[in-house]
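Geometric and topological summary
As a plain string of letters, each chain reads:
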Amino acid sequence: MFINQVMLKENGVEMIITQFFFGYDWLRYNVPKWSFTVWLQQQQRLLTLDRLGRMGMEVPTECFLCGTTPETHSHLFTECVYALKCHQLIADWLHIPKSDIADCVKMAKKHGQSMLIRQITLAVVIAIVYWIWMARNTCRIDGYVQHPVHLVQRVKEDCRRRLLGIFQGAMKQFDSLWCHEKGFK
Ligand SMILES: [Zn+2]
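Source: prediction; values computed, not measured. The written sequence of each chain sets the order in which its residues are numbered from 1. Predicted model: local features are reported for residues with pLDDT of at least 70 only, side-chain atom pairs are reported and counted for 80 or more only, and whole-chain, interface and lining totals are derived from all residues.

A short note on the nonpolar core
Nonpolar side chains in soluble globular proteins tend to be buried together. The condition is simple: Think of a nonpolar core as buried Ala, Val, Leu, Ile, Met, Phe, Trp, Tyr and Cys residues, each tied to the set through C-beta atoms within 7 Å. Partly exposed residues are those whose C-beta has more than 12 but fewer than 20 other C-beta atoms within 10 Å; 20 or more makes a residue buried and 12 or fewer makes it exposed, with C-beta atoms placed from the backbone. Secondary structure elements are defined from DSSP: runs of H or I of at least 4 residues count as helices, runs of E of at least 2 residues count as strands, and each element is numbered from the N terminus. C-beta atoms are first placed from the backbone for all residues, and any pair lying within 7 Å is then listed as a contact.
Among the nonpolar cores identified, the biggest contains 33 residues, and Val-124, Ile-126, Ala-127, Ile-128 and Ile-132 are the most heavily contacted of them. Elements with a contribution of two residues or more to this core: α3 (32-42), α5 (73-79), α6 (81-94), α8 (115-142) and α9 (148-164). By residue number, the principal contributor to this core is α8, which donates 13 residues. Residues within four places of Ala-127 in sequence aside, it is in contact with Trp-34, Val-155, Asp-158 and Cys-159.

Notes on the confidence of the model for the protein
Note the cut-off: For every residue, the predictor reports its confidence as pLDDT, a number between 0 and 100.
Confidence along the protein averages 81 in pLDDT terms, with 77% of residues attaining 70 or more. Counting interchain partners and residues more than four positions distant, the pLDDT-below-50 stretch residues 1-12 has 9 contacts.

Some words on the packing of α3 against α8
Our working definition: Between N-to-C directions, angles span 0 to 180 degrees; the directions come from axes that are lines fitted to C-alpha atoms, helices contributing only their stretch in contact. To sort the angles, those under 35 degrees are grouped as roughly parallel, those over 145 as roughly antiparallel, those from 65 to 115 as roughly perpendicular, and the leftovers as oblique. Lys, Arg, Asp and Glu make up the charged group, whereas Ala, Val, Leu, Ile, Met, Phe, Trp, Tyr, Cys and Pro make up the nonpolar group; the residues left over, Gly among them, are polar.
Their axes nearest at 8 Å, the elements α3 and α8 cross at an angle of 80°. Between α3 and α8, the crossing angle belongs to the class labelled roughly perpendicular. Contacts from Lys-33, Trp-34, Ser-35, Thr-37, Val-38 and Gln-41 in α3 reach Ile-126, Ala-127, Val-129, Tyr-130 and Trp-133 in α8. Of the residues in the contact of α3 with α8, the class split is 7 nonpolar, 3 polar and 1 charged.

See the structure below:
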């Protein structure tokens, strides 16, 4: 599996990413750019500072979001105090363990009492990866760090907007109550 493969048209991207995530119908609830970012993140192919340094570029090493630790994939998405704060906010919202949020595939299999809830939960977790990467890029370019509370609020709004465009027709009562409680409908 090569990056060039995903530089094809959007359908090609979706097919490859879907296979990567073991056939879950999760793309239905995600924006393709979220999915693509997570696909790269899962393979540690985003251009983090450690990668850029290994490519010979003269770049700073410290994480833009916390400024205390060298930026790597594992730091940025699972260890950084910024990411951990975002994970905590998502965990509190969806009532899932914070420690599970960093592993999208595990998350999809483990949490939720219905397929719909698992898919929505995964959509949220994928969105937060994308938005942490965006927060990092914004800080790198503009020198501004968005507060985690505001970032998570953006995730909620994006997911809600995405899901409202998909939900139509009847829904199981349990799913309907859960979606209402979490603000998805
Ligand atoms: Zn950091």
